[in-house]
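Each chain, written out:
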Amino acid sequence: MLHSLLVILLLLVPRGARPAPSDPVQVVEVDLVYARATLLRGRGGAVLVDTGLPGAGARILGVAHRAGIEPEDIELIVLTHVHVDHAGGAAELAQRTGARVAVQAAGQGLLAAGLGAPVVPHTPLGEVIAWVGDDHRVPAYDAEIVVEDRLDLTPWGIDGFVLATPGHTACSQAVVVPGQLAVVGDLIVGPSKSPQIPNLRELPDQVISSIQAVLAYHPQQLYLGHVAPVPEERAVALVDAR
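## Section: the packing of aromatic side chains
Here is step 1: Counted according to the given criterion, the structure contains one aromatic pair.
Here is step 2: Here the aromatic rings of Phe161 and Tyr217 are separated by 4.9 Å at their centres, their planes lie at 70°, and the arrangement is edge-to-face. With Phe161 in strand S8 (residues 161–164) and Tyr217 in the loop between helix H7 (207–215) and strand S11 (221–224), this pair connects stretches of sequence that are 56 residues apart. Taken individually, Phe161 and Tyr217 each receive the classification buried, so the pair is uniform in this respect.

Following this line, the structure appears as structure tokens:
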């Protein structure tokens, strides 16, 4: 209910109205072959968005090191949703960095029990994805931060927030830095030149409204969970075509 009211209020804002500029955020993308993780650095420490499959920690920390970010600099891990290709490395990276893990309330029990969010295909490709990745368990972890719809990121030096974006899963969330960027996980999928709504949709009726909620903050780039980022105008065109 709160998510629906937020979307309605945001849609009352004219599309041309842009938020006040935020402090620039450094973005470090980590290509994990099958999935992607994203490091964000504002004033001070760093925030890691998604952790890839189990065992991805070394790759993520190696890329972070080359960007001047050490393990102790990572103070928060945000999981866009509890699927193994996004949350599989959370337990390992929390232990190696000392960072706290933030998950939407709908995913707290799943992560703690080592269970992935439901995989609900809505396309033939979705059926294939669900069949290939039929083991939906994740390494169990008791997240320190349970997000009830929204989490302010200014304590971590970023002028943005975590926003609930149900659709792909009930526990999906995005990181939004108004006027700059959004890290949306699998709320939008590739290819980057012609982005699509996800093939897996636990809450299909909420996908478009969640994309609209993110776009209301005019992110110039949207960072996705598996492919290169897409510019704002392509995401707008995706919504307008539905």
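Continuing now.
## Points about the packing of H7 against helix H8 (residues 232–240)
Packed helices, taken two at a time, are described by the angle between their axes plus the distance between the axes.
Here is step 1: At a minimum axis distance of 10 Å, the contact between H7 and H8 shows a crossing angle of 145°. Crossing handedness for the pair H7 and H8: left-handed. Counting all contacts with H7, which are made through Ile208, Ile211, Gln212 and Leu215, the residues of H8 involved are Glu232, Ala235, Val236, Leu238 and Val239.

## Observations concerning the packing of helix H2 (residues 57–66) against helix H4 (residues 90–97)
Here is step 1: With their axes 10 Å apart at the nearest point, H2 and H4 run at an angle of 45° to one another. It follows that H2 is oblique to H4 by the angle criterion. Of the residues in H4, those touching H2 at Gly57, Ala58, Ile60 and Leu61 are Glu92, Leu93, Arg96 and Thr97.
Here is step 2: In terms of residue class, the contact of H2 with H4 is built from four nonpolar, two polar and two charged.

## With respect to the side chain of His86
Here is step 1: Secondary-structure assignment places His86 in helix H3 (residues 84–87).
Here is step 2: Residue class for His86 comes out buried when judged on its relative accessible area of 0%.
Here is step 3: At 2.9 Å, the side chain of His86 and the side chain of Asp50 are in polar contact.
Here is step 4: In this structure, His86 is in contact with Asp50, Thr51, Gly52, Leu79, Thr80, His81, Asp186, Gly225 and His226, ignoring residues within four places of it in sequence.

## Things to note about the pattern of salt bridges
Here is step 1: Considering all chains together, one arrives at five salt bridges under this definition.
Here is step 2: The partner of Arg41 in a salt bridge is Asp73, and the shortest N-O contact between them spans 3.8 Å. With Arg41 in strand S2 (residues 36–41) and Asp73 in the loop between H2 and strand S4 (74–78), this residue pair connects regions lying 32 residues apart in the sequence. Each member of the pair, Arg41 together with Asp73, is buried.
Here is step 3: Between Arg96 and Glu92 there is a salt bridge whose closest N-O contact spans 3.1 Å. With Arg96 and Glu92 both in helix H4 and four residues apart, the pair spans about one turn of that helix.
Here is step 4: A residue is classified by how much of its surface remains accessible, and Arg96, at 41% relative accessible area, is partly exposed.
Here is step 5: For Glu92, a relative accessible area of 26% gives the class partly exposed.

## Some points on the pairing of S2
Here is step 1: Counting buried positions over the six residues of S2 gives six, a clear majority of the element.
Here is step 2: Every second residue of S2 is oriented toward a common face, with Arg36, Thr38 and Leu40 on one face and Ala37, Leu39 and Arg41 on the other, all of them buried.
Here is step 3: Pairing of strand S1 (residues 26–31) with S2, which is carried by six bridges, proceeds in the antiparallel orientation. Looking at S2, one finds that Glu29 is bridged to Thr38.
Here is step 4: Between S1 and S2, which pair antiparallel and follow one another directly, the connecting turn spans four residues, one of which, Val33, has a positive phi of 75°.
Here is step 5: Two elements, S2 and strand S3 (residues 46–49), share four bridges in a ladder whose sense is antiparallel. When the bridges of S3 are listed, Leu39 appears paired with Leu48.
Here is step 6: Taken together, S2 and the strand that follows it, S3, pair antiparallel across an intervening segment of four residues, in which Gly44 is found at a positive phi of about 115°.

## A look at the sheet that holds strand S5 (residues 100–104)
Here is step 1: Taken together, six strands build an open sheet; the order of strands is S1-S2-S3-S4-S5-S6 and the sheet is mixed. On the outer flanks of this sheet lie S1 and strand S6 (145–147), each paired with one strand and no other. Here the strands of the sheet are splayed against their neighbours by 20° on average, with no regard to which way each runs.
Here is step 2: Across the face of the sheet, H2 comes into contact with S1, S2, S3 and S4 while running at roughly 145° to S1.
Here is step 3: Each of S3, S4 and S5 is contacted by H4, which is oriented at about 165° to S4, the strand it contacts most.

Scoring rules and cut-offs
Residues numbered from 1 in each chain as written. Predicted model: local features only at pLDDT ≥ 70, side-chain atom pairs only at ≥ 80, totals over all residues. Heavy atoms only, no water. Phe/Tyr/Trp six-rings, centres within 6.5 Å; stacked < 30°, edge-to-face > 60°. Helix = DSSP H or I, 4+ residues; strand = E, 2+ residues; numbered from the N terminus. Buried < 20%, exposed > 50% of the residue type's maximum accessible area, 1.4 Å probe, protein only. Axes fitted to C-alpha atoms, helices over the stretch in contact; angles between N-to-C directions. Left-handed = near helix turned anticlockwise from the far one by under 90°. Contact = heavy atoms within 4.5 Å. Parallel < 35°, antiparallel > 145°, perpendicular 65-115°, else oblique. Nonpolar A, V, L, I, M, F, W, Y, C, P; charged D, E, K, R; others polar. Polar contact = N/O pair within 3.5 Å; in protein donor to acceptor, adjacent residues only side chain to side chain. Salt bridge = Lys/Arg side-chain N within 4 Å of Asp/Glu carboxyl O. Pairing = 2+ DSSP bridges.

What is shown is where atoms sit, not what they do.
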